[in-house]
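Residues per chain, in single letters:
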Amino acid sequence: MLLPRWWELGDPCAWTGQGRGARRMSPATTGTFLLTVYTIFCKVHSDRNVYPSAGVLFVHVLEREYFKGEFPPYPKPGEISNDPITFNTNLMGYPDRPGWLRYIQRTPYSDGVLYGSPTAENVGKPTIIEITAYNRRTFETARHNLIINIMSAEDFPLPYQAEFFIKNMNVEEMLASEVLGDFLGAVKNVWQPERLNAINITSALDRGGRVPLPINNLKEGVYVMVGADVPFSSCLREVENPQNQLRCSQEMEPVITCDKKFRTQFYIDWCKISLVDKTKQVSTYQEVIRGEGILPDGGEYKPPSDSLKSRDYYTDFLITLAVPSAVALVLFLILAYIMCCRREGVEKRNMQTPDIQLVHHSAIQKSTKELRDMSKNREIAWPLSTLPVFHPVTGEIIPPLHTDNYDSTNMPLMQTQQNLPHQTQIPQQQTTGKWYP
């Protein structure tokens, strides 16, 4: 029996194909479905070369089982080790991966998956991905390189592409070869193409979807794009009829006859299906018609010379600094003249004020000054306004109550009639009757 070359070399990478190409499967892969699927499933862990095709889904699995044996202490044969291991992937020399390549690992106890759809711009350019494994228990690391050699596909791009949204799947579940093969088999049954390729897989979270609640085993959802070489079947076209479009606008499920072929394993949201026919896409390039608002062609662009001439900044200095400073100085001088040289003065004010108003103001000023002096020193003489002028009975003028050296700090401001000297006592009338001692 003649074995294929990948069996002799022990190559664990696999790609499947039908038609003119060969059908290549790994020894562990089982099944007999024949699809034109150029999808590579690799489970390698050392410096390896892989050869994906442009525009076709590429999947690379990072298995924890291999990396467990690279971290000390090394497990003995038959010993089970379950260390938490995480992976970091990046393009060699750069902190991140290429734009077309994604990576996902749910928990440190699950395998990591690199997946994506290579672009035609990277054909023929080797892409080296550095894979670093971290053992979260021992803090040890192991690094391997994955060399991706992107090849061009003869049947790329396929003209008819359909994108399905599967609600009950996560992206890592859909990337499994068995699950993806079952989905492509269901699509082949309803589409009947000669060639069918898985083009890309995208998580709903990358499209702006929300993280589902951790109840009822809800999934985040995944978008799967496939391409074929024949027009869309009538079953897929049922989504475009007015009745189903109306039901989708009312957030109701459309009626699709072929939905039962998916419902057993895949719950598809038919309102989000996208059908693209590249054969009907018309080029958007339009010839420019010159007219009003369009400048004439100025010829070839001539960049400035590398040798720059010296520039005089004296004029710029005068405009930006000297002129505003001069204006500010002039305004300051005008304000100073108004505030200091145009004052009226006290003499001019008194000349323009009536005499009776000045006398009244002077009297108020003197009284205020006298009260202030009194508050500063209590030992000064009593003001004349607080002293009695004459005796209330005889009318005799009363001399001052105290001398100049008399201590008046404890003397009340206004004296009562009992405290006045030389006061005549008024006899009081006695009541008649018997007096008892």
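Residues numbered from 1 in each chain as written. Predicted model: local features only at pLDDT ≥ 70, side-chain atom pairs only at ≥ 80, totals over all residues. Heavy atoms only, no water.

Asker: Sorry if this is basic, but what is going on with the overall build of the protein here?
Answerer: Summing up its helical and strand segments, the protein has ten helices and 13 strands in all. Within the span of the protein, comprising 437 residues, buried residues form 32% of the whole. For the protein, the share of sequence-separated contacts (at least 6 apart) that also reach a separation of at least 24 residues comes to 63%. When the accessible surface of the protein is totalled, it reaches about 31100 Å², and 56% of it is carbon and sulfur. (Helix = DSSP H or I, 4+ residues; strand = E, 2+ residues; numbered from the N terminus. Buried < 20%, exposed > 50% of the residue type's maximum accessible area, 1.4 Å probe, protein only. Contact = heavy atoms within 4.5 Å. Areas by Shrake-Rupley, 256 points an atom, 1.4 Å probe, with all protein chains shown as cover.)

Asker: What's the story with the sheet that holds strand S13 (residues 274-277) in this structure? I'm lost.
Answerer: Note: strands within a sheet are paired through backbone hydrogen bonds, in either parallel or antiparallel orientation. What the four strands build is an open sheet, ordered S11-S12-S10-S13; its pairing is antiparallel. Of all strands in the sheet, those bounded by a partner on one side alone are strand S11 (196-203) and S13. The average undirected angle you get between the axes of adjacent strands in this sheet is 15 degrees. Bridge count between strand S10 (residues 160-166) and S13: four bridges; the pairing is antiparallel. Paired with Tyr 160 across the strands is Asp 277, a residue of S13. Packed on one face of the sheet, helix H4 (residues 177-191) meets S10, S11 and strand S12 (222-228) and runs near 125 degrees to S11. (Pairing = 2+ DSSP bridges. Axes fitted to C-alpha atoms, helices over the stretch in contact; angles between N-to-C directions.)

Asker: So what exactly am I meant to see when it comes to the confidence of the model for the protein here?
Answerer: Looking at the protein as a whole, its pLDDT mean stands at 75, while 69% of the residues score no less than 70. Counting contacts from residues 1-45, a segment whose pLDDT is below 50, to residues more than four positions away or on other chains yields 96 contacts. Across residues 413-420 the pLDDT falls below 50, and counting only partners more than four positions away or on other chains, this stretch makes nine contacts in the model. (pLDDT = per-residue confidence, 0-100.)

Asker: Which parts of the structure should I look at to understand the packing of aromatic side chains?
Answerer: Think of a pair of aromatic rings as described by two things: how far the centres are apart, and how the planes are tilted against each other in angle. Within this structure, the stated rule accounts for ten aromatic pairs. On the basis of an interplanar angle of 65 degrees and a centroid distance of 6.3 Å, the ring pair of Phe 58 and Trp 100 is categorised as edge-to-face. With Phe 58 in strand S4 (residues 58-62) and Trp 100 in the loop between strand S5 (85-91) and strand S6 (101-104), the pair connects residues that are 42 residues apart, well separated along the chain. As far as the burial class goes, Phe 58 and Trp 100 line up, both buried. Ring centres of Phe 183 and Phe 266 lie 5.3 Å apart, and the angle between their planes is 75 degrees; this geometry places the pair in the edge-to-face category. Of this pair, Phe 183 sits in helix H4 while Phe 266 sits in the loop between helix H7 (260-263) and S13, and the two are 83 residues apart along the sequence. (Phe/Tyr/Trp six-rings, centres within 6.5 Å; stacked < 30°, edge-to-face > 60°.)

Asker: Explanation requested: the side chain of Asp 277 in the structure shown.
Answerer: As for its position among the elements, Asp 277 is in strand S13. Side chain to side chain, Asp 277 and Thr 279 meet in a polar contact 2.5 Å long. Dropping the residues within four chain positions of it, Asp 277 is found in contact with Pro 159, Tyr 160 and Phe 232. (Polar contact = N/O pair within 3.5 Å; in protein donor to acceptor, adjacent residues only side chain to side chain.)

Asker: Whenever I open this one, the state of the cysteines confuses me. Can you help?
Answerer: Two cysteines joined by a covalent bond between their sulfur atoms form a disulfide. Scanning all chains against the criterion turns up two disulfides. In this model Cys 235 forms its disulfide with Cys 258; the gap between the sulfur atoms is 1.5 Å. Judged by the torsion about the S-S bond (-75 degrees), the Cys 235/Cys 258 disulfide is left-handed. One end of the pair, Cys 235, is in helix H5 (residues 234-237); the other, Cys 258, is in the loop between helix H6 (242-249) and H7, with 23 residues separating them in the sequence. Look at Cys 258 and you get buried, because its relative accessible area is 5%. What links to what in the protein: the bonded cysteines, counted in sequence order, pair as 1-3, 2-4. Left unpaired, Cys 340 is separated from the closest cysteine sulfur, that of Cys 341, by 6.1 Å. Taking relative accessible area as the criterion, Cys 340 reaches 58% and is therefore assigned exposed. (Disulfide = S-S within 2.5 Å.)

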